[in-house]
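As a plain string of letters, each chain reads:
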Amino acid sequence: MVVVVSSCCCGGGGGGRLRHRGPDWSGLFVDEAAGVYLAHERLAIIDPASGDQPLFNETKEIVVAVNGEIYNHEALKAGMKAHQYNTQSDCEVIAHLYEEIGEEVVVKLDGMFSFVLVDLRDKSFIAARDPLGITPLYLGWGSDGSVWFASEMKALKDDCERFVTFPPGHIYSSKEGGLRRYYNPPWFNESIPAEPYDPLILRHAFEKSVIKRLMTDVPFGVLLSGGLDSSLVAAVAQRHLAGSKAAKQWGNKLHSFCVGLEGSPDLKAAREVADYIGTVHKEFHFTVQEGLDAISDVIYHIETYDVTTIRASTPMFLMSRKIKALGVKMVLSGEGSDEIFGGYLYFHKAPSKEEFHKETCRKLKALHLYDNLRANKSTSAWGLEARVPFLDKDFVNLAMSIDPAVKMVNVKEGRIEKWIMRKAFDDEENPYLPKHILYRQKEQFSDGVGYSWIDGLKDHAASQVTDKMLANAKHVYPYNTPNTKEGYYYRMVFERCFPQVGVVLCLGFARDLVFCIYFIELLTSVC
């Protein structure tokens, strides 16, 4: 029996566990003869009136449940033979395109997606995840031989003997009996690129990516921290909003949102950017105690015990609730830039352009475990969708083809981190941003919302975890053993939420500290 649990969905009693991801509609498809069960919780962004899932082809022999957005759905339709579409959903094109070209459908899609498709003609099925893992997906196996898929682990933990993170850029085919990678860009094998840097080409590619993500039938906005990445997203979106379909529905003024402790750096910087580019800006304040009170809920929703991810997820989780309360259902966000352009401060220690590029490749490959997971699950916890223009497939492939030497920090030449993006948008005649914002140095999101936030977390963890507990951590948690009280505290909370052994084994972490040490060792050996 194949139990297919796809998108924002689950089988058995798990549907309710994922209702937060899709509060607008619950859909169910059952074919007992084929042994197939598809359940879907819908967050309606495109065609809210009739785009309920699961979706079908004309004959209803192909059924698909999807979490995500297909930005090129209109272009795909234009290049296909005539089909009868039952909805205006961007995702319905998957069923019809599969009917024409089969499993190669995944190569044609431009967007963020996780989906399961069942072909009732031969009782086969496929599951796929977008190239960089923007949307989450998990794969599990039941003791009865069933195969399960779900957007979150909590939908699988009681029904599967084992489950794993579904790898980005892969397809699972029942005909082949396993996974294969369909996304094979040149950068994936970490070969060193040599394309020259052209600031206008890079700028236009990013603008195209942002414009593409203005596709919506519901109120939307942008997350604005005042740092380079979110400010560029907001500036480009505001500049190109006028005349778009979204503007005709919701007006020419972009709404922006920021969160922080009272007096935090992000609040001040975001307010300045919002005033400069002309967004309707809303800032949300939280206290350290409110953040601490939310930790258990945050860990339950984002399904990780990674320290850095939890630090950054908590303010985003609190902000998302308030954004959704305003009636907004989609936001643009700035994740991905630091991985593509080596924006983290430890990249300053890269001993060569080869090592710099290889590290950006490794960071991109692991992004689904950290920032993508945070951005998706912190927002989806409240029925809010986050779109990430920096992780557009075409933009990533372009940016990763540039000679990495020009991405590296060079103090003598006045290049700071992410200089090539800063230079690309440094327009003297028609500025996108104020100079001091355009060249503002990187802050971690969890620092930018207020420095006392991290101190408060550490103090709280120290009050919950004794020295003796930490000393014996390797015996209590032999896998991914925490080495700080903060890490130990998050692990305790995580295992209260997810006591099943399989959940812990599903996660794998290799954070910046490991790579930073690696760089330092390389630098030492070179010197």
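Residues numbered from 1 in each chain as written. Predicted model: local features only at pLDDT ≥ 70, side-chain atom pairs only at ≥ 80, totals over all residues. Heavy atoms only, no water.

The chain carries the name Asparagine synthetase [glutamine-hydrolyzing] in an unreviewed UniProt entry, which gives Ceratodon purpureus as its organism. The Catalytic activity (unreviewed entry) field of the UniProt record for the chain holds the comment "L-aspartate + L-glutamine + ATP + H2O = L-asparagine + L-glutamate + AMP + diphosphate + H(+)". On record in UniProt, under Pathway (unreviewed entry), the comment for the chain is "Amino-acid biosynthesis." (UniProt positions renumbered as here; feature names shortened; annotations may be inferred.)

Q: Mind laying out the overall build of the chain, listing which residues take part and the relevant values?
A: Regarding its fold elements, the chain presents 22 helices and 16 strands. Since a compact globule built from 527 residues should have a radius of gyration of about 24 Å, the 23 Å found for the chain is in line with a globular shape. With the C-alpha coordinates aligned to their principal axes, the bounding extent of the chain is approximately 65 × 60 × 45 Å. The burial tally for the chain puts 61% of its 527 residues in the buried class. For the chain, long-range pairs separated by at least 24 residues make up 71% of all intrachain contacts whose partners lie at least 6 apart in sequence. (Helix = DSSP H or I, 4+ residues; strand = E, 2+ residues; numbered from the N terminus. Rg over C-alpha atoms; globule rule 2.2 N^0.38 Å. Buried < 20%, exposed > 50% of the residue type's maximum accessible area, 1.4 Å probe, protein only. Contact = heavy atoms within 4.5 Å.)

Q: Tell me about the pattern of salt bridges, and name the residues and values.
A: Counted by the stated rule, this structure contains 37 salt bridges. The salt bridge involving Lys353 is made with Asp403; its shortest N-O contact spans 3.3 Å. Pair noted here: Lys353 is in helix α11 (residues 353-366) and Asp403 is in the loop between α13 (393-399) and α14 (419-424), with a separation of 50 residues, a long-range link. A single salt-bridge network, built from bridges that share partners, covers Arg21, Glu152, Lys154, Glu303 and Lys377. (Salt bridge = Lys/Arg side-chain N within 4 Å of Asp/Glu carboxyl O.)

Q: Any details on the sheet that holds strand β13 (residues 255-260)? Residues and values, ideally.
A: Read from one edge to the other, the open sheet built from five strands follows the order β14-β13-β12-β15-β16, with strand pairing classed as parallel. Looking at the sheet topology across the chains shown, the edges are occupied by β14 (280-285) and β16 (385-387). With strand direction ignored, the average angle separating the axes of adjacent strands in the sheet is 30 degrees. Direction of pairing for strand β12 (residues 220-223) relative to strand β15 (residues 330-332): parallel, over a ladder of three bridges. (Pairing = 2+ DSSP bridges. Axes fitted to C-alpha atoms, helices over the stretch in contact; angles between N-to-C directions.)

Q: So what's going on with the packing of helix α4 (residues 199-212) against helix α5 (residues 228-241)? Which residues, and what values?
A: At their nearest, the axes of α4 and α5 sit 9 Å apart, and the two run at 70 degrees to each other. When the axis of α4 is compared with that of α5, the two are roughly perpendicular. Across the interface between the two elements, Phe206, Glu207, Val210 and Ile211 from α4 touch Leu232, Val233, Val236, Ala237 and His240 from α5. Classifying every residue of the contact of α4 with α5 gives seven nonpolar, one polar and one charged. (Parallel < 35°, antiparallel > 145°, perpendicular 65-115°, else oblique. Nonpolar A, V, L, I, M, F, W, Y, C, P; charged D, E, K, R; others polar.)

Q: Describe the nonpolar core, listing the residues and the values that go with them.
A: Grouped burial of nonpolar side chains is what soluble globular proteins tend to show. Ile94, Phe115, Leu202, Phe206 and Phe395 are the most contacted members of the largest nonpolar core, which totals 86 residues. Considering each element in turn, this core owes the most residues, eight residues, to α5. With residues near it in sequence (within four places) discarded, Phe206 still touches Leu232, Val233, Val236, Pro389, Phe390, Phe395, Met421 and Phe425. Of all hydrophobic cores here, the second largest spans 55 residues; its members include Ile295, Leu318, Val328 and Tyr490. (Core = buried A, V, L, I, M, F, W, Y, C linked by side-chain atoms within 4.5 Å.)

Q: Outline the UniProt feature "binding site: L-glutamine" (unreviewed entry) in the chain, listing residues and values.
A: Per the UniProt annotation, the sites labelled "binding site: L-glutamine" (unreviewed entry) are Asp90. Relative to the elements of secondary structure, Asp90 occurs in the loop between α1 (73-78) and α2 (93-101). With relative accessibility at 2%, the residue Asp90 sits in the buried group. Every residue in contact with Asp90, bar those within four places of it in the chain, is listed here: Ile46, Gly68, Glu69, Ile70, His73 and Met215. A distance of 2.7 Å separates the side chain of Asp90 from the backbone nitrogen of Ile70, its partner in a polar contact. (Polar contact = N/O pair within 3.5 Å; in protein donor to acceptor, adjacent residues only side chain to side chain.)

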